[in-house]
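Notes for the structure review
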Amino acid sequence: MRIVVSVPGAFRIEPWVDAVKGALPEAEVSAWDKAPANWADYAIVWAPEGALFEDQRALKAVFNLGAGVDALLALAALPPGLPVVRLGDAGMSVQMAEYVCQAVIRFARGLGEYEREMKAGIWSAKRAPARSDFPVGVMGLGAIGARVARALAAFDYPVLGWSRSPKTVAGVASYCGPAGLDAFLRASRILVCALPLTPDTRGILCRATLEKLRPEGYLINVGRGAHLIEDDLLELLDEGVIKGATLDVFTEEPLRGDHPFLRQPSITLTPHISAVTNRHLSVEQIAQKIKRFEAGAAIDGVVERTRGY
Ligand SMILES: NC(=O)c1ccc[n+]([C@@H]2O[C@H](COP(=O)([O-])OP(=O)(O)OC[C@H]3O[C@@H](n4cnc5c(N)ncnc54)[C@H](OP(=O)(O)O)[C@@H]3O)[C@@H](O)[C@H]2O)c1
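Please read these numbers as outputs of a predicted model, since none were measured by experiment. (Residues numbered from 1 in each chain as written. Predicted model: local features only at pLDDT ≥ 70, side-chain atom pairs only at ≥ 80, totals over all residues. Heavy atoms only, no water.)

1. Quick notes on the nonpolar core
Ranked by size, the top nonpolar core spans 56 residues in total, and within it Ile 3, Phe 63, Val 100, Leu 152 and Ile 220 carry the most contacts. When residues of this core are assigned to domains, at least three fall in each of domain 1 (2-90 + 277-294) and domain 2 (92-269). In this structure Ile 3 touches Val 20, Leu 24, Ala 27, Glu 28, Val 29, Ser 30, Trp 39, Ala 40, Tyr 42, Ile 44 and Ile 290, once residues within four positions along its chain are discounted. Core analysis: the next-biggest nonpolar cluster, separate from the first, contains 26 residues, Leu 160, Phe 184, Leu 185 and Leu 219 among them. (Core = buried A, V, L, I, M, F, W, Y, C linked by side-chain atoms within 4.5 Å. Buried < 20%, exposed > 50% of the residue type's maximum accessible area, 1.4 Å probe, protein only. Domains from an automatic or database assignment. Contact = heavy atoms within 4.5 Å.)

In structure tokens form, the structure reads like this:
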């Protein structure tokens, strides 16, 4: 079995190649740019160049080193019939639960305001807010969204979830489909986006959506930058319709030095780190899937191309 690995950009390739060799000692493993054409049976990738699929035409499947496959599916060179397998939870959902809980707690407890006041020499303890005033709506109840929703429910926030199909998650009110979106939004004050980026969800965080939140709403986006219409958010913050936002993902990454988000004090920003891929766990998971695939067994995470995730 032959495997090419491609993780262009910020990552060094050698540790990934070594990790795959360690997890699949029976395989021949190479960085894609060192492999002969049409050599590999499988590709393990994160944000690869389309040229990989023109060069490696004998692939039986491609394994994505992340949960989101939007960038991969957007490659024109990706063969239509090639199975694309996304990463299941490989230590990402617990990180996302931490990240979202801290952002929700920061909003609900007014911690940003306390920080500003303390630094201005103001000692002003306010009445503790009621959790019932901060219902949290989680868009997407998959591996990540469901874990986030359960973590929030454990802090006794009212939690609502929205997905394509109905879900049963303990402590979470389930809404689904386009028909359930309006009621879900109107019952939520803090909106968390943990959706995959698909043709149906691109631009879903727009004025029409955000205006439906309860007064003085908040947004937390850990999905993809293209879920959000950035200018709509800036306007709604100026108008006071939205009171604050925590954003981990952006239309253009890295964020430009002159981006208006950098000057908006009500937005908290992080550089796409809310859930970082763990090399050991992700390679181990993919190795198990490749073994099952080779044996002709069913595997989790095969992307349905038509729905986009
Ligand atoms: N910022 C980061 O560092 C980071 C890290 C990892 C992942 N992510 C993002 O998180 C996303 C979700 O990951 P995951 O592992 O939780 O994916 P997942 O298990 O596939 O779950 C996706 C969820 O979204 C729902 N959904 C999809 N399309 C929908 C639509 N049109 N309307 C309503 N609900 C819809 C699905 O509904 P059904 O269950 O009914 O199908 C499912 O509940 C990834 O695609 C990626 O974009 C970001």
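Continuing now.
2. Structural notes on the packing of aromatic side chains
Applying the stated rule across the entire model yields 7 aromatic pairs. These aromatic residues form a ring-pair network of at least three members: Tyr 42, Phe 63 and Phe 293. Geometry around Tyr 157 places Arg 131 over its ring, the cationic atom sitting 5.7 Å from the centre. (Phe/Tyr/Trp six-rings, centres within 6.5 Å; stacked < 30°, edge-to-face > 60°. Lys NZ or Arg CZ within 6 Å of the ring centre and 35° of its normal.)

3. Quick word on the domain arrangement of the protein
The domain architecture assigned to the protein consists of domain 1 (2-90 + 277-294) and domain 2 (92-269). Using C-alpha coordinates to define each centre, domain 1 is positioned 32 Å away from domain 2. In this assembly, 8 residues from domain 1 lie in contact with 5 residues from domain 2. Surface buried jointly by domain 1 and domain 2 totals about 630 Å² across both partners, of which 50% is contributed by carbon and sulfur atoms. Seen at the junction of domain 1 and domain 2, the total is 1 salt bridge. With a shortest N-O distance of 3.0 Å, Arg 224 and Asp 70 are connected by a salt bridge. If you look at where domain 1 meets domain 2, you find 4 residue pairs in polar contact (both at pLDDT 80 or more). Here the side of domain 1 that touches domain 2 is composed, by residue class, of 4 nonpolar, 2 polar and 2 charged. (Buried area = accessible area lost by both parts, 1.4 Å probe. Salt bridge = Lys/Arg side-chain N within 4 Å of Asp/Glu carboxyl O. Polar contact = N/O pair within 3.5 Å; in protein donor to acceptor, adjacent residues only side chain to side chain. Nonpolar A, V, L, I, M, F, W, Y, C, P; charged D, E, K, R; others polar.)

4. Considerations on helix α4 (residues 92-108)
Along its 17 residues, α4 runs 24 Å from first to last C-alpha, staying within 8% of the 24 Å computed at 1.5 Å per residue. If you check which residues of α4 are buried, you get Met 92, Ser 93, Met 96, Ala 97, Tyr 99, Val 100, Cys 101, Ala 103, Val 104, Phe 107 and Ala 108. The positive-phi residue at the C-terminal boundary of α4 is Gly 110, with phi of around 65°. (Helix = DSSP H or I, 4+ residues; strand = E, 2+ residues; numbered from the N terminus. Expected span 1.5 Å × (residues − 1).)

5. What about the sheet that holds strand β2 (residues 28-31)?
Strands sit in the order β2-β1-β3-β4-β5 across an open sheet of 5 strands; the sheet is parallel. Among the strands making up the open sheet, the edge pair consists of β2 and β5 (84-85). Here strand β4 (residues 61-64) runs beside β5; their pairing, made up of 2 bridges, is parallel. Paired with Phe 63 across the strands is Val 85, a residue of β5. (Pairing = 2+ DSSP bridges.)

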